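# A look at the structure
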Amino acid sequence: MTRSRTITRQGIARAAAVAVAVAALGIASVPSSSSGSANAPNYSPIAQRAVGTCGVAKADRIAALRTALDNVATKLASGATNAQRWGSLDLRDLYSYHVDSLWKQGVDGCGTAVAVLEGWEYPNTQADLDTLDAQIGLPNTTVETVYPNGPLPAVCPPGMVALGSYGSCSAWQGELRLDVEAVHLMAPYAKIVISATPSDSEVVGDPSSEVAMPEIVKGMEYLSKNKLANVMSISDGSSETDYSRGAAEIHAQDVGELTAAAAGIPIANATGDCGAAQNLTTATRQCGTVSSGPASATWADSPWVTAVGGSTAQRTAPCPPCTAPGNGEDTFVVNPIEGAGLSEMYRRPSYQSATADITGSPMRSMPDITMNSASGTSESAPLFAGILAMATQLKGANLGPINEALYKTMAKSPSRNGLIDVASGNNTFNRGGIYVPGYTAVAGYDVATGWGTVDAAKFVPALAKATHHNLMPSEAYGQLTTLQQTLSITPSSFLSSTATIDLTDTGFLPGHPVTITVDGNPLATVTVDTAGNWSYSFTATDKGLAVGKHTLAVHSLLLDQTKPFWVTS
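Small disclaimer: the values here were computed from a predicted structure and weren't measured. (Residues numbered from 1 in each chain as written. Predicted model: local features only at pLDDT ≥ 70, side-chain atom pairs only at ≥ 80, totals over all residues. Heavy atoms only, no water.)

Judged by pairing direction, the sheet is mixed, and its 5 strands sit side by side in the order β21-β27-β26-β23-β24 without closing on themselves. Looking at strand neighbours, the two that pair on one side only are β21 (494-495) and β24 (521-527), the edges of this open sheet. Two elements, β21 and strand β27 (residues 561-567), share 2 bridges in a ladder whose sense is parallel. Looking at the pairing, L495 lines up with V567 of β27. (Pairing = 2+ DSSP bridges. Helix = DSSP H or I, 4+ residues; strand = E, 2+ residues; numbered from the N terminus.)

So, in structure tokens, the structure goes:
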């Protein structure tokens, strides 16, 4: 058994109208170029976690997983009540997605690390996972917990406690167990990293900051910069309609997604479990209080993230082998709880241009893909992250955000590349007197399911190949650099000692503090306004700054910047 390690470190018309508003704000944040360059696979200067080895020879891994598959088959054939259950998961997924075929070839996540981003920790994760492994003879893996924003508080933050079963610390523990199990079932030899970041580390934010805490975005940055993960999975988000500071609050978090993308790390994010509606922050349970109309959620709405919705296998034949009469494949339908729809914050990225006639909208459509969501799309995202880990292993390097490859390369030959159409079902929400019409799955691409689901045996090698010349990391690095260069010094960067120096900046979390230093010495701490802006004025004489070059540094929860200036006389 390997040891667990702990590290401590400090509707369409409406969408069209929103598109005009977004354009007016100058918010793009969408990929613009196409894949297919002759460049080498690593095109961003941000260092990436190498794909290494897992300390077990390929032949030994194959033998161990063949034995596990034999045990699974015996368990499924036993006729025992819930024989298919393994923790919160369904063992039949190994066959419905043809993961068993990959295992028999030694494609099992070896050498990769998948990070699950959580709002709290669960100290018994390793022990519980090892116990589940013993049930079917699955190999143990290493589970490591990191704390990107420092040690956890002694007690659960009150704002999280108030969310009850929807987002309290105990609820997060259940979420965490599900996420870890799902990654491990797909990619049993992948290392799992838990990023634990509760809310309210700086300020008590608005309710959306309790549900989808910006500290999770801090985790994206930390994992990327410290090369701790090859893939990330998030089973969280908050309705775009429910942020008290609106677009400013949402887009201040773009820096995390861009940092991960620039480091070549794909993020799989769940789309939500209230159908075409979204759970609101006033709820104390899932779908207890929902939006009155169609809504989408962060962070699945980001063009840099792969939005994972929910579908369910029909299990039309004995499983294994999970083939229907006549040797046909298992079929999938929409799980009506899955989130699917159009963003109100992000315009349609270029990789979705070919689907514009289908969506009828200038905004980002999601999901991009679906997986089993019997336990909610909180199951779908980490299942897909496990699939991505196997593709990463096969490629031997980070995939980068996969959306351009998915839409522009894989979708050209869906069947050959392992894309399985989900062509029936819809996600209309109709509960408690609230009716929110959803989207219906049809043949081919649709808003309800994106490109459907996957035959992993075909999808994994096809994705490894399709991402070889992925330009999304370099595109992300360019946008990340732009975000890091918004600090303005007026009247110029060359000033006399008595001149008033005005600092202005934008793109920060509203209501959060920003610390300013000069040459490493504290200058001031200011609070960001509701639009994400801050300002500060001083003179070199008042601050005792000598003639010569000086360096301003700006530090905040998510965005850090530096800029030189010169005192001339």
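The next thing to look at is the pattern of salt bridges. Per the counting criterion, the structure on display carries 6 salt bridges. Among the ionic pairs, D90 bridges to R315, the shortest N-O distance being 3.4 Å. Of this pair, D90 sits in strand β3 (residues 89-90) while R315 sits in the loop between β9 (306-313) and β10 (323-324), and the two are 225 residues apart along the sequence. On the basis of relative accessibility, which here comes to 5%, the residue D90 falls in the buried class. (Salt bridge = Lys/Arg side-chain N within 4 Å of Asp/Glu carboxyl O. Buried < 20%, exposed > 50% of the residue type's maximum accessible area, 1.4 Å probe, protein only.)

Attention now goes to helix α5 (residues 125-136). For α5, with 12 residues, the first-to-last C-alpha span of 18 Å sits near the 16 Å given by 1.5 Å per residue. G137, located one to two residues past α5, shows a positive phi value of around 75 degrees. (Expected span 1.5 Å × (residues − 1).)

Our next topic: the nonpolar core. By size, the foremost hydrophobic cluster in this structure holds 149 residues, and its most contacted members are L94, F384, I387, W534 and F565. Sequence-distant contacts of F565, defined by excluding residues within four places in its chain, comprise I489, S493, L495, I501, V518, F538, L545, G548, K549, H550 and L552. Core analysis: the next-biggest nonpolar cluster, separate from the first, contains 7 residues, C274, A277, C287 and V436 among them. (Core = buried A, V, L, I, M, F, W, Y, C linked by side-chain atoms within 4.5 Å. Contact = heavy atoms within 4.5 Å.)

So, about the environment of W304. Locating W304 in the fold gives a position in the loop between β8 (267-270) and β9. Residue classification places W304 among the buried positions, given a relative accessible area of 3%. Distance in space between the C-alpha atoms of W304 and L258 is 7.0 Å, their sequence separation being 46 residues.

We now examine the environment of D200. By the secondary structure assignment, D200 is in the loop between β6 (191-196) and α8 (207-211). As for D200 and T289, which are separated by 89 residues in sequence, their C-alpha atoms are 23 Å apart. Discounting chain neighbours no more than four positions away, the residues touching D200 are P157, G159, G205, E210 and E215.

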